[in-house]
Amino acid sequence: MSFLIEYLPLILFFGVYKFVDIFWATGVLIAASLIQVTHQYITKREVAKRHWVFLAIALILGGMTIFFHDEQFIKWKATIVYAILAVTLLVSRYLFNKNLVKTALEGVLSSVAEKENSELKIDLPVKDCDQLNLFWSLLLFSIAALNLYVAYNFSLDFWVNFKVFGLIGITFIALLFTMFRIQKYLPEE
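Per an unreviewed UniProt entry, the chain goes by the name Inner membrane-spanning protein YciB and belongs to Pseudoalteromonas piscicida. Database annotation for the chain, UniProt heading Subcellular location (unreviewed entry): "Cell inner membrane". Recorded in UniProt for the chain, the comment headed Sequence similarities (unreviewed entry) runs: "Belongs to the YciB family."

Asker: Please set out the overall build of the chain residue by residue, giving values where relevant.
Answerer: Scanning the chain for helices and strands turns up 7 helices and 0 strands. Listing each helix as α and each strand as β along the chain from the N terminus yields α-α-α-α-α-α-α. Out of the 189 residues in the chain, the part that is buried amounts to 38%. For the chain, long-range pairs separated by at least 24 residues make up 68% of all intrachain contacts whose partners lie at least 6 apart in sequence.

Asker: I'd love a proper account of the side chain of T178, names of residues and values included.
Answerer: For T178, the position within the fold is in helix α7 (residues 156–182). Residue T178 is classed as buried on the basis of its relative accessible area of 2%. With residues near it in sequence (within four places) discarded, T178 still touches L105, L132, F135 and W136.

Asker: How would you explain the pattern of salt bridges if you had to name every residue and give the values?
Answerer: In this structure the tally under the stated criterion is 2 salt bridges. Close ionic contact of R93 with D130 constitutes a salt bridge, the shortest N to O distance being 2.4 Å. Of this pair, R93 sits in helix α4 (residues 72–94) while D130 sits in helix α6 (residues 126–153), placing them 37 residues apart in sequence. The burial state of R93 is the same as that of D130; both residues are buried. With a shortest N-O distance of 3.2 Å, R181 and D128 are connected by a salt bridge.

Asker: So, unusual backbone geometry: which residues are in play, and what are the values?
Answerer: In this model, R45 sits at a positive phi of 60 degrees, which is unusual for a non-glycine residue. Structurally, R45 can be placed in the loop between α2 (22–44) and α3 (49–68). In this structure, H69 takes a positive phi of about 50 degrees despite not being glycine. One can find H69 in the loop between α3 and α4. Exposure remark for H69: the relative accessible area of 56% places this residue in the exposed category.

Asker: Please give an account of the UniProt feature "transmembrane region" (unreviewed entry) in the chain that cites residues and values.
Answerer: Mapped onto this numbering, the UniProt entry gives "transmembrane region" (unreviewed entry) at residues 51–68, 74–96, 134–152 and 158–180. The distance from the first to the last C-alpha atom of residues 51–68 is 25 Å, and the span holds 100% helix and 0% strand. As a span, residues 134–152 carries 100% helix and 0% strand, and end to end its C-alpha atoms are 27 Å apart.

Asker: Kindly report on the packing of α6 against α7, identifying the contributing residues and their values.
Answerer: The interhelical angle for the contact between α6 and α7, taken along N-to-C directions, is 170 degrees, at an axis separation of 11 Å. It follows that α6 is roughly antiparallel to α7 by the angle criterion. Crossing of α6 against α7: the hand is right-handed. Counted together, D128, Q131, L132, F135, W136, L139, I143, L146, N147, V150 and A151 of α6 and F158, W159, F162, L167, I170, T171, A174, L175, F177, T178, R181 and I182 of α7 form the full contact between these two elements. Residues belonging to the contact of α6 with α7 are distributed by class as follows: 17 nonpolar, 4 polar and 2 charged.

Rules used throughout
Residues numbered from 1 in each chain as written. Predicted model: local features only at pLDDT ≥ 70, side-chain atom pairs only at ≥ 80, totals over all residues. Heavy atoms only, no water. UniProt positions renumbered as here; feature names shortened; annotations may be inferred. Helix = DSSP H or I, 4+ residues; strand = E, 2+ residues; numbered from the N terminus. Buried < 20%, exposed > 50% of the residue type's maximum accessible area, 1.4 Å probe, protein only. Contact = heavy atoms within 4.5 Å. Salt bridge = Lys/Arg side-chain N within 4 Å of Asp/Glu carboxyl O. Axes fitted to C-alpha atoms, helices over the stretch in contact; angles between N-to-C directions. Parallel < 35°, antiparallel > 145°, perpendicular 65-115°, else oblique. Left-handed = near helix turned anticlockwise from the far one by under 90°. Nonpolar A, V, L, I, M, F, W, Y, C, P; charged D, E, K, R; others polar.

So, in structure tokens, the structure goes:
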């Protein structure tokens, strides 16, 4: 269920785009992002920072897309989100000495451990954590640039399909690579 809530705005954006147009899809993206934030607040009494960022960008760029009736604004959303994520990884690591990739991996392991009533810990060397952090930063910057390239060199249909399936596919492959990299540090059980 949490997977559905996490990707609800994207799923609805894609469906409405396919049946209506980019402007209605953008309006639905904004509404679904609002619903997502509201749902998270009601169920958890807090909202993840990424959801606030996604909502703010959807409101600003989506609002401009609808107001000016120009799809170019919404095409920038993925680029801005991925660039912000990349900068956040670098700034948090090199200015605040906090590795967010390691924090995320520890969070995933702790939630898996809770479900299995066990205690899973990961002891990644700093060097490997830094390499993964740099890998994700470079990947996110590359995705941001690739989104713009596709947005301005291909049709709107191609861009929407790339945004929904291509970006998810790239992210999934990067997650598999990350799991492969940390596998030797995971407990055997």
